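# Geometric and topological summary
Given next are the chains, with one letter for each unit.
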2 protein chains.
Amino acid sequence: MIVGNGAAELIKAIMEDAEGIIGILSPSFDEYRNRVSGNRISLFTVQSDDFSYTADQIISHFQNRPISTLLLINPDNPSGNYIEQHDVLKLASWAQERGILFLVDESFSDFALTKEPSSLLEQSTLERYTNLVVIKSISKSFGVPGARLGLLATTNKTILSDVSKNVSIWNINSFGEFYMQIWGKYRATYEHALVMLKYERDRLATALKQIDYLTVFPSQANYIMCEVKAPKKAYDLAVDLLDAHNILIKDLSSKRGISPRQCIRIAVRNKEDNDALINALRSLV
Amino acid sequence: MIVGNGAAELIKAIMEDAEGIIGILSPSFDEYRNRVSGNRISLFTVQSDDFSYTADQIISHFQNRPISTLLLINPDNPSGNYIEQHDVLKLASWAQERGILFLVDESFSDFALTKEPSSLLEQSTLERYTNLVVIKSISKSFGVPGARLGLLATTNKTILSDVSKNVSIWNINSFGEFYMQIWGKYRATYEHALVMLKYERDRLATALKQIDYLTVFPSQANYIMCEVKAPKKAYDLAVDLLDAHNILIKDLSSKRGISPRQCIRIAVRNKEDNDALINALRSLV
């Protein structure tokens, strides 16, 4: 395992060493593909109305398109789409048989409400799939982006050694280091916060569905993606919310894989903030 | 200017882009040369008794040895050797005429006691020497290594752009960012601390010269390098100080450019700590 100055440092480090063609989904978190030249990317553009996709669809798409690395963000960003563990492992097996490096970003997996474990960070899993590399942004789970903490885990020694060389010496700051030393004391509080977040996400999604100019997509992350119905535009909605209500949402209308569709991403926050958002959205009818 | 997650991130980033043969002094801070393969290094091994060297000696050494980049740590680490600004600029001109990139690490320059300015971080200087790149570890000057802060300054746009690409996105942590926002409030305190440090360095050096098993070398940094006279060994001295006095000094006997000579590096601290060190060294006669 390698600890990074945020997941960003590890993403940069592993993409520098990933060879050949990289299979990437779109829309998704773009920092991975930003680190690779365009001609080395094989894109699977998600076509479904709600931007959802399955493991079988990924396999089917890349079956006859040669790739050396497959990247999965799970839950995905910004869609919130989630693939259950048994299907992620199906992808891992499929990739392993073909000698494909399987890169799974679990930065939002703590937020997934599922019966199966949401993380592959288990020694037995990592040992079974030697082509598997798991990256996780700790900042995202704990809501402390400024602490700059991320991790990369694999039993593939070549990758571990290559990524280590690509990471700066003394990369972790003292605050991050201390934070990780004491976080265990707050584990129960964190687990409780996760339960509350999942409950609030459900409540927020239900309320959003009653806003008639929005289509709400299912999400297992700590955000919800919605499509803004015509004639409303995502950009205008974001500006109006900021101007009139001091609320910042993410306008996705220029994002690759989403444009020209009009989508926004809304953060799941506490009851008070979520209610304020809902009231603001209602007032903008 | 680019801000780094410590100078280490910037050192890694610029060394990845430095092409051709790199002229490096030895002994010196090794992180730069660790980032380049050995066959790309042209070494100037300092031969003087006290590990001092001058700008003229550097020019004379590299005059007939083709290099693409010249690296200078000023003050140097671990020797504390310092080159005055007019001579550093002489090196900059010499390098500029030959199309050599001149990399100056000023991490310890705040500690130099000199009539000329100790830093090249001036717009006019950077504009005049377009082959000049200045790197500075902020952590070292302020004594906050855990904050992970460093900077790189140059007017060379190609280098700025290349280094930016080699640095992770979101590389600075929030604590470091906040620290830099408020440090101005403490500027006077910092300036006072620098004066005290220079005074203490002088007092400590004078006291060290009275330890008869040590040879003390001149230093303009916040440390002093000494040679340990036979039959005493640097490693044994470091172990004895730690065992008997709980004081940690740096044993340099295995360091490249110093080995097999027996040298140690001592940090300049406050009066109380320095006195404790002197008393401990006296007791080990």
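The shown structure was predicted, so the numbers you read here are calculated from the model rather than taken from an experiment.

## Brief notes about the interface of chain A and chain B
How big an interface is tends to be stated in terms of the accessible area lost upon association of its parts. Listed per partner, the contact involves 22 residues of chain A and 21 residues of chain B. Overall, the association of chain A and chain B removes approximately 1800 Å² of surface from exposure, summing both partners, and the carbon and sulfur fraction of that is 52%. Remark: the boundary between chain A and chain B carries zero salt bridges. Our count for the chain A to chain B interface comes out at twelve residue pairs in polar contact (both at pLDDT 80 or more).

## Things to note about the domain arrangement of chain A
Residue and element names in this part refer to chain A. Its domain assignment divides chain A into domain 1 (2-172) and domain 2 (187-283). In this structure, domain 1 and domain 2 have C-alpha centres spaced 25 Å apart. With 26 residues of domain 1 at the contact, the number on the domain 2 side is 22 residues. Surface buried jointly by domain 1 and domain 2 totals about 2000 Å² across both partners, of which 54% is contributed by carbon and sulfur atoms. Contact with domain 2 buries surface across domain 1, with Phe51, Pro78 and Phe111 losing the most and accounting together for 32% of the total.

## What about the sheet that holds strand β6 (residues 132-137) of chain B?
Residues and elements named next belong to chain B. Spatially, β1-β7-β6-β5-β4-β2-β3 is the arrangement adopted by the seven strands of the open sheet, whose pairing is mixed. Edge positions in the open sheet fall to β1 (2-4) and β3 (41-45), since each of these has one partner strand only. When strand polarity is set aside, the average angle formed by the axes of neighbouring strands in this sheet is 20°. The strands that helix α1 (residues 6-17) touches are β1, β2 (22-26), β5 (101-105), β6 and β7 (150-153); relative to β6, the one it contacts most, it runs at about 150°.

## Some words on the sheet that holds strand β8 (residues 214-216) of chain A
Residues and elements named next belong to chain A. In space, the four strands of this open sheet follow the order β8-β9-β11-β10, with antiparallel pairing throughout. Of all strands in the sheet, those with a lone pairing partner are β8 and β10 (250-251), marking the two edges. Where strand β9 (residues 223-228) and strand β11 (residues 263-267) come together, five bridges link them in antiparallel fashion. Residue pairing in the sheet places methionine 225 in a bridge with arginine 265 of β11. Strand contacts of helix α9 (residues 187-208): β8, β9 and β11, with the helix running at about 10° to β9, the strand carrying the most contacts.

## Brief notes about the relation of the copies chain A and chain B
The transformation that overlays chain A on chain B combines an axial shift of 0.0 Å with a rotation of 180°, and the residual RMSD is 0.0 Å. Between the two chains, the operation in question is that of a two-fold axis. Of the residues that chain A buries at the interface, 95% are likewise interface residues in chain B, meaning the two copies contact each other through the same surface.

## Quick word on the pairing of strand β11 (residues 263-267) of chain B
Bridge count between strand β10 (residues 250-251) of chain B and β11(B): two bridges; the pairing is antiparallel. Note on β11(B): the bridge partner recorded for B:Asp251 is B:Ile264.

## A closer look at unusual backbone geometry
A cis geometry characterises the amide bond from A:Ser26 onward to A:Pro27, with omega recorded as 5°. With respect to the secondary-structure elements, A:Pro27 resides in the loop between β2 (22-26) and α2 (31-34). Following B:Asn77, the chain continues to B:Pro78 via a peptide bond in cis, the omega torsion being 15°. Take B:Pro78: it is sitting in the loop between β4 (69-73) and α4 (85-97). One non-glycine residue, A:Trp170, lies in the positive phi region at around 50°. With a relative accessible area of 48%, A:Trp170 lands in the partly exposed category. Positive phi, close to 55°, is recorded for B:Arg148, a residue that is not glycine. Turning to its location among the elements, B:Arg148 is positioned in the loop between α6 (138-142) and β7.

## Describing the packing of helix α10 (residues 234-245) of chain B against helix α11 (residues 271-283) of chain B
All names here are of chain B. For the pair α10 and α11, interaxial distance at closest approach is 11 Å and the crossing angle is 110°. Regarding the angle of α10 to α11, the classification is roughly perpendicular. Regarding α10 and α11, the two cross each other, and that crossing is right-handed. Only Leu277, Ala280, Leu281 and Ser283 of α11 make contact with α10, whose side of the interface consists of Leu237, Leu241 and His245. Its residues placed into classes, the contact of α10 with α11 shows five nonpolar, two polar and no charged.

## Some details on the side chain of A:Asn274
Residues and elements named next belong to chain A. Mapping asparagine 274 onto the fold places it in helix α11 (residues 271-283). Polar contacts involving the side chain of asparagine 274 include one to the side chain of glutamate 200, which spans 2.6 Å. Apart from the residues within four sequence positions on either side, asparagine 274 is in contact with Glu200, Arg203, Leu204, Ala267, Val268 and Arg269.

## Structural notes on the nonpolar core
Formed by 39 residues in total, the largest nonpolar core has its most connected members in A:Leu208, A:Leu214, A:Leu237, A:Ile249, A:Ile264, A:Ile266 and A:Leu281. Elements represented by at least two residues in this core include exactly α6 (138-142), α9, β8, β9, α10 (234-245), β11 and α11 of chain A. Sort the elements by how many residues they give to this core and α9(A) lands first, with seven residues. Here this core spans two domains, since at least three of its residues come from each of domain 1 (2-172) and domain 2 (187-283) of chain A. Those residues in contact with A:Leu208, other than ones at most four positions away along the chain, are A:Leu214, A:Val216, A:Ile224, A:Cys226, A:Ile266, A:Ile278 and A:Leu281. Formed by 38 residues, the second largest nonpolar core is a distinct cluster that contains B:Ile138, B:Leu194, B:Ala280 and B:Leu281.

Conventions adopted
Residues numbered from 1 in each chain as written. Chains lettered and ligands numbered in written order. Predicted model: local features only at pLDDT ≥ 70, side-chain atom pairs only at ≥ 80, totals over all residues. Heavy atoms only, no water. Contact = heavy atoms within 4.5 Å. Buried area = accessible area lost by both parts, 1.4 Å probe. Salt bridge = Lys/Arg side-chain N within 4 Å of Asp/Glu carboxyl O. Polar contact = N/O pair within 3.5 Å; in protein donor to acceptor, adjacent residues only side chain to side chain. Domains from an automatic or database assignment. Pairing = 2+ DSSP bridges. Helix = DSSP H or I, 4+ residues; strand = E, 2+ residues; numbered from the N terminus. Axes fitted to C-alpha atoms, helices over the stretch in contact; angles between N-to-C directions. Least-squares fit on C-alpha atoms with pLDDT ≥ 70 in both. Buried < 20%, exposed > 50% of the residue type's maximum accessible area, 1.4 Å probe, protein only. Parallel < 35°, antiparallel > 145°, perpendicular 65-115°, else oblique. Left-handed = near helix turned anticlockwise from the far one by under 90°. Nonpolar A, V, L, I, M, F, W, Y, C, P; charged D, E, K, R; others polar. Core = buried A, V, L, I, M, F, W, Y, C linked by side-chain atoms within 4.5 Å.

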